[in-house]
Amino acid sequence: MTSSLLDDLQWRKSIAQTTDRKELETFLNGGSRSLYLGFDPTAPSLHLGNLAVLTVLRRFQLAGHKPIALVGGATGLVGDPSGRSSERSLNEVEVVADWVGRIRAQLEGFLDFTGKNAAVMANNLDWTAPVSAITFLRDIGKHFSVNQMLAKESVSARLESGGISYTEFSYQVLQAFDYLELNRRHDCALQIGGSDQWGNIVAGVDLIRRVEAKSAHALTIPLMTKADGTKFGKTASGAIWLDPKMTSPYAFFQFFLNSDDRDVEQLLRSFSFKSHEELEQLFESLRTNPGAREAHRALARELTTLIHGESETVKVETAAKALFGQGELADLDIDTLSGALSELPRTNIGKGAPIPTWVDLIVATGLVESKSAARRIVKEGGAYLNNVKIVGEDFAPTTDSLLHGRFFVLRKGKRDLAAVEVG
RNA sequence: GGUGGGUUGCCCGAGCGGCCAAUGGGAGCGGACUGUAAAUCCGCCGGCUCUGCCUUCAGUGGUUCAAAUCCACUACCCACCA
């Protein structure tokens, strides 16, 4: 089983770089190995970019290895310069601590913490905080050559563009220290991460060799990009988050369903846990009958289920089907309708209160930023009430249009929906 | 330390006293075509109590009837010279 893991990852195009491939192969075949993947708390939730890497960690576990999920309670306070052209602004200690807790909870749902190759959760603050500056400089710092540190892409790029603080410059040392510490504590000899982490990971590999005279391995995963060259997992309104309060399951599902055809195959390779055969069939369907969007749907379903659960996926898909179906909204029964609408951005207005204009309503749901933008949409013919185009910037729905006496469905453009509930 | 150049709307980048909410490109949004896709074409693209008003061109103060455009100082960046 383990022998095919790297081949599988290769097939998925999930390998950017590794330390010596043969040695890594031998190492993995030698038994159940500990490996680690770290996330710095730079936001209150993980996003799709993180998920891509996390998925690989999970594949390792399914192949019998022991994953260590590390949350960077310490490194998150310092800031990784990798891939950034300017200094990060530091977040408050309490904020980072809060984010650590949230991210930890998300990670817990994604790995198996029971069984013989149970996952382990770690926080680098645990071993970093107790170490004094002097001890750190003598025991760890002594093994680093500033010349090499300067040569790292993450640092040299910053020297070109406005400089780097000593704080961020030290980041690679901290991450290397993590790897060393996990090597000591858990015999962890493989670190994986996004391809921008190569420099940091290798810093740890070197440190382990120097201090422990042991060999350690590295594997990085390509950063995903979309066919149009933009960053994967980002929309105009920001990243796609795993936290349902930040990105609703409905929006999450729709994100995948609406993916560019050209991206779907790679997304399935990267994220899906289906067999190669099943995936090949989906690729085939994508080629021969793209209009059916079978592959899109499979992708959206599998990932929404993985992150938000089966029942949520069913709800979301039913909602989408109801709202995008050719049937009249008025024909939907109250339960289906109210279920579907609960997935959308929404607002409430009091019963008996005067009903605001369409423009005011859609701004209230948060679907449109400003009234000017909303008015523009009306003027351009992209405004709908209950799937009927409306005309006139002053248009205000009447109670006659209420669906089941309670709801309005607002639509902007072809596929952006919002709900208003009265009462 | 010296000298010169720069800082413009989400991003890049014109403008260099009034005709400037500010050319152009990208992103984004709406429309047509489609498949809740892509490409293409058309339109929009600071906000509002919208024939007008308000807030924007690094910050502060000044000159002027009038400044993104001129002057002074401050901050940051870049280049060359030490």
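So, how was this worked out
- Residues numbered from 1 in each chain as written.
- Chains lettered and ligands numbered in written order.
- Predicted model: local features only at pLDDT ≥ 70, side-chain atom pairs only at ≥ 80, totals over all residues.
- Heavy atoms only, no water.
- Domains from an automatic or database assignment.
- Contact = heavy atoms within 4.5 Å.
- Salt bridge = Lys/Arg side-chain N within 4 Å of Asp/Glu carboxyl O.
- Polar contact = N/O pair within 3.5 Å; in protein donor to acceptor, adjacent residues only side chain to side chain.
- Helix = DSSP H or I, 4+ residues; strand = E, 2+ residues; numbered from the N terminus.
- Near = heavy atom within 4 Å.
- Nonpolar A, V, L, I, M, F, W, Y, C, P; charged D, E, K, R; others polar.
- Pairing = 2+ DSSP bridges.
- Axes fitted to C-alpha atoms, helices over the stretch in contact; angles between N-to-C directions.
- Parallel < 35°, antiparallel > 145°, perpendicular 65-115°, else oblique.
- Left-handed = near helix turned anticlockwise from the far one by under 90°.
- Core = buried A, V, L, I, M, F, W, Y, C linked by side-chain atoms within 4.5 Å.
- Buried < 20%, exposed > 50% of the residue type's maximum accessible area, 1.4 Å probe, protein only.

Draft legend 1. A look at the domain arrangement of chain A. Domain annotation of chain A identifies domain 1 (2-221), domain 2 (234-324) and domain 3 (337-422). If you average the C-alpha positions of domain 2 and of domain 3, the two centres end up 27 Å apart. Taken together, the contacts link 9 residues of domain 2 with 8 residues of domain 3. The interface formed by domain 2 and domain 3 includes 1 salt bridge. A salt bridge links Glu343 to Lys315; the shortest N-O distance between them is 4.0 Å. Here domain 2 is connected to domain 3 by 0 residue pairs in polar contact (both at pLDDT 80 or more). Residue contributions to the side of domain 2 that touches domain 3 peak at 6 residues, all from helix α17 (residues 310-324).

Draft legend 2. A look at the protein's contact with RNA strand B. Lining the immediate surroundings of RNA strand B are 27 residues, of which Gln254, Asn258, Ser372, Arg375 and Arg376 lie closest. Separating a base nitrogen of RNA strand B from a side-chain N or O atom of Asp261 is a distance of 2.7 Å. Elements supplying a minimum of two residues to the surface near RNA strand B: α13 (249-257), α14 (261-271), α17 and α20 (371-379). Counting residues per element, the surface near RNA strand B draws most heavily on α20, which supplies 4 residues. When the residues that make up the surface near RNA strand B are grouped by side-chain class, the tally is 5 nonpolar, 11 polar and 11 charged.

Draft legend 3. A look at the sheet that holds strand β12 (residues 407-412). Taken together, the 5 strands give an open sheet; going across it, the order is β9-β13-β12-β10-β11, and neighbouring strands pair in mixed fashion. Every other strand in the sheet has two partners, leaving β9 (346-349) and β11 (388-389) as the edge strands with one partner each. The pairing of strand β10 (residues 383-385) with β12 spans 3 bridges and is classified as antiparallel. In the strand pairing of β12, Ala383 is matched with Lys412. In this fold helix α19 (residues 358-365) packs onto β9, β10, β12 and β13 (416-422), with an angle of close to 85° to the strand it touches most, β12.

Draft legend 4. Summary view of the pattern of salt bridges. Evaluated as defined, the whole model comprises 20 salt bridges. One salt bridge connects Glu284 with Arg287, and the closest N-O pair in it is separated by 3.3 Å. Of this pair, Glu284 and Arg287 both sit in helix α15 (residues 276-288), 3 residues apart, which is roughly one turn of the helix. The salt bridge involving Arg301 is made with Glu317; its shortest N-O contact spans 2.9 Å. Taken together, the positions of Arg301 in helix α16 (residues 294-308) and Glu317 in helix α17 put the pair 16 residues apart, joining distant regions of the chain.

Draft legend 5. Quick peek at the packing of α14 against α16. Running from N to C, α14 and α16 point in directions that differ by 40°, and their axes come no closer than 10 Å. Comparing their axes, α16 and α14 come out oblique. Relative to α16, the crossing made by α14 is left-handed. On the side of α14, the interface is formed by Asp261, Val264, Leu267, Leu268 and Phe271, while α16 contributes Ala295, His296, Leu299, Glu302 and Leu303. A breakdown of the residues in the contact of α14 with α16 according to their chemical character gives 7 nonpolar, 1 polar and 2 charged.

Draft legend 6. Local environment of the nonpolar core. Of all hydrophobic cores here, the largest spans 74 residues; its most connected members are Leu48, Phe60, Leu107, Leu190, Ile192, Leu219 and Phe256. In terms of residue count, the dominant contributor to this core is helix α3 (residues 48-62) (8 residues). Apart from the residues within four sequence positions on either side, Phe60 is in contact with Leu5, Leu9, Leu28, Leu35, His65, Leu190, Ile192 and Leu219. One finds Leu174, Ala176, Cys188 and Ile208 within the second-largest nonpolar core, a separate group that totals 28 residues.

Draft legend 7. Region of the structure containing the sheet that holds strand β2 (residues 34-39). The mixed open sheet is built from 6 strands, whose spatial order is β1-β6-β5-β2-β3-β4. Each end of this open sheet is capped by a strand with a single partner; those strands are β1 (17-18) and β4 (120-123). As paired elements, strand β5 (residues 188-194) and strand β6 (residues 217-221) share 5 bridges and run parallel to each other. Paired with Gln191 across the strands is Ala218, a residue of β6. Of the strands in this sheet, β1, β5 and β6 touch helix α2 (residues 21-29), which is tilted by about 105° from β6. Across the face of the sheet, helix α12 (residues 198-212) comes into contact with β1, β5 and β6 while running at roughly 170° to β6.

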